[in-house]
Amino acid sequence: MCKKMMHYKRYQHWNKKEDVFVVCVDEELNSGYNCKRAKPKLFYLLFLSFISFSFIFLCKLLSVFLCFFFFIFFFLFLILFCMCADSFRSEEAGLVPKTDINSCSSVSNGTICCERSSIRSDVCVMKGVVRTDSASSRITLYKNNGHSDYVLRDTDENDEVLQHEKIRPYTRKWEKNVMDTIDELDLVVKGKHYGVRQKCDVEHDVPAVFFSTGGYTGNLYHEFNDGLLPLYITSQQFNKKVVFVILEYHNWWIMKYENVLPHLTEYPIIDFSGDKRTHCFPEAIVGLRIHDELTVDPSLMGNNKTIRDFRDLLDRAYWPRIRGLIQDEEREARMNKEKLISSPSSELKMVTTEEKKDLKKPKVVIIARNDSRAIMNEDSLVKMIEDIGFRVEVLRPQRTTELARIYRVLNSSDVMIGVHGAAMTHFLFMRPGSVFIQIIPLGTDWAAGTYYGEPAVKLGLKYIGYKILPKESSLYDEYDKNDPVLMDPNSVNDRGWEFTKRIYLDHQNVRLNLGRFRKRLLRAYNHSVANENERLRRQSQ
């Protein structure tokens, strides 16, 4: 069913305070998840009714001949009116009209073109002689008017500025509080001058992409949604022939994504503030393009790439490391077997048979939270899952957990279960066709569907959203049974992000109604078994 819900501050994407959105809240999504905000149509109906009544009334007063011409006029007016109304609605239905997304796809030499129509991010493209100056947070483009022998004077401080743009290269443009923490860059175009050649400290023959790893970096959802995916979208056109220049550079971020970054660029990454050398590029893109939550829109990609292509990139990125982990484990297993060589062979055979039998069962991975929104009856849940016929692994990812290890666990699983939160971003590690069950605490309906449910469907997962009842929330023991916190979470969210965060995100755990949750698990089990049977059937052909 669809419910109206005002976004709370942290999730506010749009620039009109009075906007009301329609969000589909459904327990299961198999194909498509595309509810758009509703626009009141009462005005249009009243207006058309008035015109129709006027037409009938005038026909009684006028001759048949005049009535015929009036009918033609009315018919054409109606068509024009509907076309305009549809056009108006289509432009407001999304964040940005698709025709405006890549308006700087063709930029003349010696100019800066900035795309500022998106509510999510600004992107500026510079072509020509591009030079960095980290000390002044400036990138300068010199207008050489097509002269390949263009040289620069020793100093250009007094050169005429032909164009000046400012940009904060981060993809949360609508959130002023976080954008104020992002370093701002000055982009300038200066005229051509001849004189003593000033050499670049480092001269590159490939374009650069400038972006920030500040803001919400440190939160897994934001690292993928605001960082890696936009970086993939923006840099794919260069086929790794591109240099990344990072503002608010973090060594830990480079190490965390050391497996992925070489699949996006084959060049060393530059710390903009830490590297004081002058870097020169033939082209620069400042800022990252972003399509939607945790997804890639193929209609906006020149090569029709999708979120599945990004997931394939992750697969290529992590498998070399996973193979190394497997080899380490096999070596350790051989050593342990040698130690047990004196044990009775029957005992060893029994253990091996049991392990093989267990491996044939579909696998469930529970992403367990370490703070709020924990599953209070987790042990009972695990037992019930095993009784249904699954094998279960409980994963408790820490900030320092190597992503390749998490990828390995989820890539080999059939079902992922977790309570709404940033860790649900790990659904990107699931194989298309797998099942993702998201437990939705009170007050998180919209965020759960928008940030994880919809993107999971686009990846090709079978998504099942389990919306808890008030009695399944720990808040049920803290508030009166008729309190809006329990009975009307939307009204609490309307009061602001701080209330949502304090009540629903930071101070709520869940105690699942196992009988009710079991129904979702049975659907997941049947789906997993059917998938495996289909895989075996194809192998036998």
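Residues numbered from 1 in each chain as written. Predicted model: local features only at pLDDT ≥ 70, side-chain atom pairs only at ≥ 80, totals over all residues. Heavy atoms only, no water.

**Quick notes on the packing of aromatic side chains**
Thinking step 1. For the coordinates displayed, the defined rule picks out 19 aromatic pairs.
Thinking step 2. Judged by centre distance (5.2 Å) and plane angle (35°), the ring pair of Y318 and Y407 falls under tilted. Residue Y318 is located in helix α6 (residues 307-339), and its partner Y407 is located in helix α9 (residues 403-411); the two are separated by 89 residues in the primary sequence.
Thinking step 3. By way of ring pairs, the aromatic residues F211, F224, Y232, F244, W253, Y257, F310, Y318, Y407 and F429 are connected into one cluster.
Thinking step 4. The ring of Y476 is capped by K481, whose NZ or CZ atom sits 4.8 Å from the centre of that ring. (Phe/Tyr/Trp six-rings, centres within 6.5 Å; stacked < 30°, edge-to-face > 60°. Helix = DSSP H or I, 4+ residues; strand = E, 2+ residues; numbered from the N terminus. Lys NZ or Arg CZ within 6 Å of the ring centre and 35° of its normal.)

**A few points about the confidence of the model for the protein chain**
Thinking step 1. Taken over all residues, the pLDDT of the protein chain has a mean of 83, while the share at 70 or more is 74%.
Thinking step 2. Low pLDDT, under 50, characterises residues 1-27; the stretch is placed with 82 contacts to residues that sit more than four places away or in other chains.
Thinking step 3. Note that residues 145-150 has pLDDT below 50 and, in this model, 11 contacts with residues that lie over four places away or in other chains. (pLDDT = per-residue confidence, 0-100. Contact = heavy atoms within 4.5 Å.)

**A word on the pairing of strand β8 (residues 185-190)**
Thinking step 1. Counting buried residues in β8 gives six out of six residues, a clear majority hidden from the surface.
Thinking step 2. Two elements, strand β6 (residues 138-142) and β8, share five bridges in a ladder whose sense is parallel. Along β8, the bridge assignment pairs R138 with D186.
Thinking step 3. Taken together, the six bridges between strand β7 (residues 161-167) and β8 define a ladder with antiparallel strand orientation. Looking at β8, one finds that Q163 is bridged to V189. (Buried < 20%, exposed > 50% of the residue type's maximum accessible area, 1.4 Å probe, protein only. Pairing = 2+ DSSP bridges.)

**Here we look at the side chain of T111**
Thinking step 1. Among the secondary structure elements, T111 is positioned in strand β4 (residues 111-115).
Thinking step 2. Here S108 takes part through its backbone oxygen, which lies 2.6 Å from a polar atom of the side chain of T111.
Thinking step 3. The contact partners of T111, leaving out residues within four places of it in the chain, are V125, M126, K127, L141 and K143. (Polar contact = N/O pair within 3.5 Å; in protein donor to acceptor, adjacent residues only side chain to side chain.)

**Here we look at the state of the cysteines**
Thinking step 1. As enumerated under the stated definition, the model contains three disulfides in all.
Thinking step 2. Across a sulfur-sulfur distance of 2.0 Å, C104 and C113 are joined as a disulfide pair. Sign of the S-S torsion, about -75° for the bond between C104 and C113, identifies this disulfide as left-handed.
Thinking step 3. Each sulfur of the disulfide joining C200 and C280 lies 1.8 Å from the other. Its torsion about the S-S bond being -90°, the disulfide of C200 and C280 is classed as left-handed. (Disulfide = S-S within 2.5 Å.)

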